Amino acid sequence: MTLSNFLTDLDLNMETLINILDYSSDEIFVLDKNKKIIYVNDACKKHYGLNKEDVLGKISLELVDKGYWYPSIFPDVLDRKEPITMKQTTILGAELLTSVVPILNDKKEVELIVTTARELQSYKMLKAKEKDAHQSKETEDPFGSIMTNNEKMKDLLKFAKKVAAANSTLLILGESGTGKSILAQYIHENGSRKNGPFLTINCAAIPADLMESELFGYTPGSFTNASRFGKKGILECADGGTVFLDEIGDMPLPLQAKILQVIQEKTFIPIGGNKEKQVDIRIIAATNKDLNKMVKSKTFREDLYYRLNVVDIQMPPLRERQEDIIPLIYNFLYKFNRIHEMNKLISKDCLELLSHYSWPGNIRQLENLIERLVIVSDDVIDIDDLPEGMYNQGLLQMENTAPTSLNQAIESAKKEMVRKSYKVNKSSRRVAKDLQISQTYAAKLIREYCQDLLKD
Ligand SMILES: Nc1ncnc2c1ncn2[C@@H]1O[C@H](COP(=O)(O)OP(=O)(O)OP(=O)(O)O)[C@@H](O)[C@H]1O
């Protein structure tokens, strides 16, 4: 069979073509002469965590300004009117090799700009990013290693950057798994101590006596089983840097008193010692407990609470950052696909359900779930692969998100009818007939509402 026969048999209409382009693992991106994005394929989701609808019609510079990718390549192409290939980094940490080809009209003016972008290497989520040599100041990724699309989180990160510069003690509050530890690290990396050590102790994970020796160290022979050389504690090892006291709400009261002295006097005495040691450290503490309540019940020292609470930062739970759920899913999918040498995809229905789930364990729960799904699911992670409780709760939540306006209700009825009809009829011509609309309009609605079905 020749290629042309094959294409004729395929009934290669617009729908089929768009469907084919969405299968491409490379991103395809088309701009008009005003730098308005007039086409993008499905790959934009995994590269930027954005749906096509969020991208189409936007001026490319708006997305560059929001940090979705850098450096910008289009000004150069418009200027030079010749193809350019360059390395770019996206907001999700994907490294892309991007080729841009300008299409010129008879007058040698740029009519269209066609871009293809291929992933170069794994997403570098949460690792300090080396700045790309081409990266200009204006297009610099504004939040470094922490990824977010949520406005409240962006404000929080700006605030964190500001307080990073000061040397004050900080308290980070928030539910478990919301990213308190990585925020502490972010603050350290953005402050004047960034070249010093960043050491963490998890007060909930180690017994009280061990915690004391870990923090303060001990002198030679100070207790049975102690090393005869003694040992430096975390406070001393972190001199010139930052100590992160994770889960400080679990620190025993006697140790709270010793930490208070470190904060106030910058001095401490190692276990078994009699000489004070001086340290230059910044303390950042975090907890998911209600310290105020603990102060009232006398399980947390009031004076320490006020010393720690000079500046506090409240991490929002993931359920209040709904726009971050899908990008984070793609990040972790990418990460675990690479770690486990897999190439799993995720269905649109599954994504929708997960974005309505309440995530009580926040980002850590999401990360663990995606790793499990990458390992246990078939080629495409689907709703059936989810733990039952999650499936039921997500579904319930989706059903409860009922339309709140007439327009939304019409939109959702339209979507349901188009999807139903397309599932049965499988072509825009038959859908048009079924719903008594023009074929062009039917094709448009199918593209809008049935992307996932087009691939079946
Ligand atoms: N913005 C983010 N982008 C990507 N991954 C994140 C983000 N925030 C948190 N994570 C990941 O989620 C997991 C939990 O984050 P982290 O340990 O910082 O949370 P936590 O609030 O300190 O948790 P806990 O209270 O249990 O100590 C980590 O694996 C972290 O890498």
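Source: prediction; values computed, not measured.

### Some details on the overall build of the protein chain
Line of reasoning, step 1. A count of helices and strands for the protein chain gives 21 helices and 17 strands.
Line of reasoning, step 2. For the protein chain, with 456 residues in total, the buried portion stands at 30%.
Line of reasoning, step 3. The long-range share in the protein chain, meaning contacts at least 24 apart out of those at least 6 apart in sequence, stands at 64%.

### Section: unusual backbone geometry
Line of reasoning, step 1. Of the consecutive residues Y70 and P71, the connecting peptide bond is found in the cis state with omega at -10 degrees.
Line of reasoning, step 2. Within the secondary structure, P71 sits in the loop between β3 (69-70) and α6 (74-80).
Line of reasoning, step 3. Not every positive phi belongs to a glycine, and E247 is a case in point at roughly 55 degrees.
Line of reasoning, step 4. Turning to its location among the elements, E247 is positioned in the loop between β11 (242-246) and α11 (253-265).

### Thoughts on α11
Line of reasoning, step 1. Taking 1.5 Å as the rise per residue, α11 with 13 residues should run 18 Å; its terminal C-alpha atoms sit 18 Å apart, in good agreement.
Line of reasoning, step 2. Count one or two residues on from α11 and you reach K266, which has phi positive near 60 degrees.

### Thoughts on the sheet that holds strand β15 (residues 311-314)
Line of reasoning, step 1. Strands sit in the order β8-β11-β14-β7-β15 across an open sheet of five strands; the sheet is parallel. The outermost strands of the open sheet, each flanked by one partner alone, are β8 (198-202) and β15. Averaged over all pairs of adjacent strands, the angle between their axes in this sheet comes to 20 degrees, without regard to strand direction.
Line of reasoning, step 2. As paired strands, β8 and β11 are joined by five bridges and run parallel to one another. Note on β11: the bridge partner recorded for I201 is L245.
Line of reasoning, step 3. The strands touched by helix α8 (residues 180-189) within the sheet are β7 (170-173), β8, β11, β14 (282-287) and β15, with β14 carrying the most contacts at an inclination of about 160 degrees.

### Regarding the site of the ligand
Line of reasoning, step 1. The immediate surroundings of the ligand are formed by 19 residues, with S176, G179, K180, S181 and I363 found nearest.
Line of reasoning, step 2. Within the residue set of the shell around the ligand, elements represented by two or more residues are α8 and α16 (362-376).
Line of reasoning, step 3. Inspection of the shell around the ligand shows a minimum of three residues originating in each of domain 2 (151-315) and domain 3 (321-400).

Reading the values: rules and limits
- Numbers given to residues run from 1 along each chain, matching the order in which its sequence is written.
- For a predicted model such as this one, the threshold for reporting local features is a pLDDT of at least 70, and the threshold for listing and counting side-chain atom pairs is 80 or more; totals across whole chains, interfaces and linings nevertheless cover every residue.
- Where helices and strands are cited, they refer to DSSP runs of H or I of at least four residues and of E of at least two residues respectively, numbered from the N terminus.
- Residues with at least 20 other C-beta atoms within 10 Å of their own are called buried, those with 12 or fewer are called exposed, and the rest are partly exposed. The C-beta atoms themselves are positioned from the backbone.
- A pair of residues counts as a contact when their C-beta atoms, built from backbone coordinates, are separated by no more than 7 Å.
- Given a helix with a known number of residues, its expected span is that number minus one, times 1.5 Å.
- When DSSP locates at least two bridges between a pair of strands, those strands are taken to pair.
- Lines are fitted to the C-alpha atoms to define the axes, a helix being fitted only along its stretch in contact, and any angle between axes, read from their N-to-C directions, falls within 0 to 180 degrees.
- Only the C-beta atom, placed from the backbone, is used; a residue is near a molecule or strand if that atom lies within 6 Å of it.
- Note that the domain bounds reflect an automated or database-derived domain assignment.

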